[in-house]
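# Structural overview for review
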Amino acid sequence: MSEHFFENNSYSVVFAERRDIGDEWNDVQWDRNHLQIQYHRLYYLTSGNAILHLVDRTIELTTGNIYLIPAFSVLQSEIHGEMNKYYIHFQASSPLFGISRYLSGEYCVRANEMTEGLFEIVTENYARSTQEAYMKVQGAMDLLLSDFFRGQSANRHALLKFEPVLRYIDSHYREPIPLSRLASLMNISTMYFSNFFKDTFHISPKQYILNLRLTEAQRLLLETDLSIKEIAYRVGFENESYFSEFFSAKVGISARKFRGRRLPMTRESIL
């Protein structure tokens, strides 16, 4: 089995900045007009605090912490007063970042003496087109993200075992996927597979697949004019009614309202 799942990861940083943010964060609409919604984010607060309401939880952003926010996960933001933060919007070549939220359940780690310098390296170099700048950004991103994988119950060996399963799900989640098919990829029984998966990722295989469908549905709602019925079938739901109920339960608003929250284009950097 190839170890590409972990090795040779690269990052594409699309925006990085440090700025002061005030009450404007209360008015941000996390919708299709904010193109950065499709990227993962790293936040580091140097002062102030704020709240992010995500698809699966609400988190408080506080000074001195680094936050890894998954793509397509933010529903609403709140702030009282002002905060100063570094933030990085990025994509990663490894599927590991798509499952990071399931490994530890934590979106936050404590900053250390290197944190601010590493964010500065990224903000100063991400837009430069030299090999030196590229290598600086890759190294700084590795160091900033590494702490999010510290002390996880899932070790490298277990994750490598699941690589063919995760890749199969990524390619086939729009289709019915019997547990027996996934278990066969690891040559283990269906019951053992189900328990092993939940022990590793703290979520059942069925819920993991449903979450992938939800993420893709959000993307299609924001980026296409497909009907809600068409989107439901395209991402793998058997009927529009079940899709609508699941979407509302997870996101907190209906798919129609999610699509309808549109404002004129605003500056991306406040996100």
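Everything numeric here is computed off the predicted structure, so don't read it as measured data.

Attention shifts here to the side chain of Glu17. Relative to the elements of secondary structure, Glu17 occurs in strand 1 (residues 11-21). In terms of polar contacts, Glu17 uses its side chain to reach the side chain of Tyr87, at 2.9 Å.

Now for the confidence of the model for the chain. In low-pLDDT regions, the fine details of the predicted coordinates are not to be read closely. Across the chain, the average pLDDT comes to 84, with 84% of residues at or above 70. Helix 1 (residues 96-104) is the least confidently modelled element of the chain, averaging 66 in pLDDT, while helix 2 (residues 115-125) averages 97, the highest of any element. Predicted confidence is poor over residues 262-270, with pLDDT under 50, and the contacts of this stretch with residues over four places away or in other chains come to 28 contacts.

Turning our eyes to something else, we now look at the packing of aromatic side chains. In this structure the tally under the stated criterion is 22 aromatic pairs. A centroid spacing of 4.8 Å and a plane angle of 45 degrees characterise the contact between Phe162 and Phe196, whose relative ring orientation is tilted. You can see Phe162 sitting in helix 4 (residues 156-172) and its partner Phe196 sitting in helix 6 (residues 190-201), a full 34 residues away along the chain. Like Phe196, Phe162 is buried.

Reading across the sheet, the 3 strands line up as 4-3-6 and stay open at both edges, with antiparallel pairing between neighbours. Every interior strand has two partners, whereas the edge strands, strand 4 (58-62) and strand 6 (74-79), have only one. Geometrically, the sheet is characterised by an average inter-axis angle of 20 degrees between neighbouring strands, direction not taken into account. Here strand 3 (residues 49-54) pairs with strand 6 via 5 bridges, running antiparallel. By the bridge assignment for strand 6, Leu54 is matched with Val74.

Attention now goes to the sheet that holds strand 8 (residues 108-110). Overall, antiparallel pairing links the 5 strands, which are arranged 1-7-2-5-8 in an open sheet. The open sheet has two free edges, formed respectively by strand 1 and strand 8, since each of these has just one partner strand. Across this sheet, the average inter-strand angle for adjacent strands is 20 degrees, counted without regard to direction. Bridging between strand 5 (residues 65-69) and strand 8 involves 3 bridges; their strand directions are antiparallel. By the bridge assignment for strand 8, Asn65 is matched with Arg110.

Quick notes on the rules
Residues numbered from 1 in each chain as written. Predicted model: local features only at pLDDT ≥ 70, side-chain atom pairs only at ≥ 80, totals over all residues. Heavy atoms only, no water. Helix = DSSP H or I, 4+ residues; strand = E, 2+ residues; numbered from the N terminus. Polar contact = N/O pair within 3.5 Å; in protein donor to acceptor, adjacent residues only side chain to side chain. pLDDT = per-residue confidence, 0-100. Contact = heavy atoms within 4.5 Å. Phe/Tyr/Trp six-rings, centres within 6.5 Å; stacked < 30°, edge-to-face > 60°. Buried < 20%, exposed > 50% of the residue type's maximum accessible area, 1.4 Å probe, protein only. Pairing = 2+ DSSP bridges. Axes fitted to C-alpha atoms, helices over the stretch in contact; angles between N-to-C directions.

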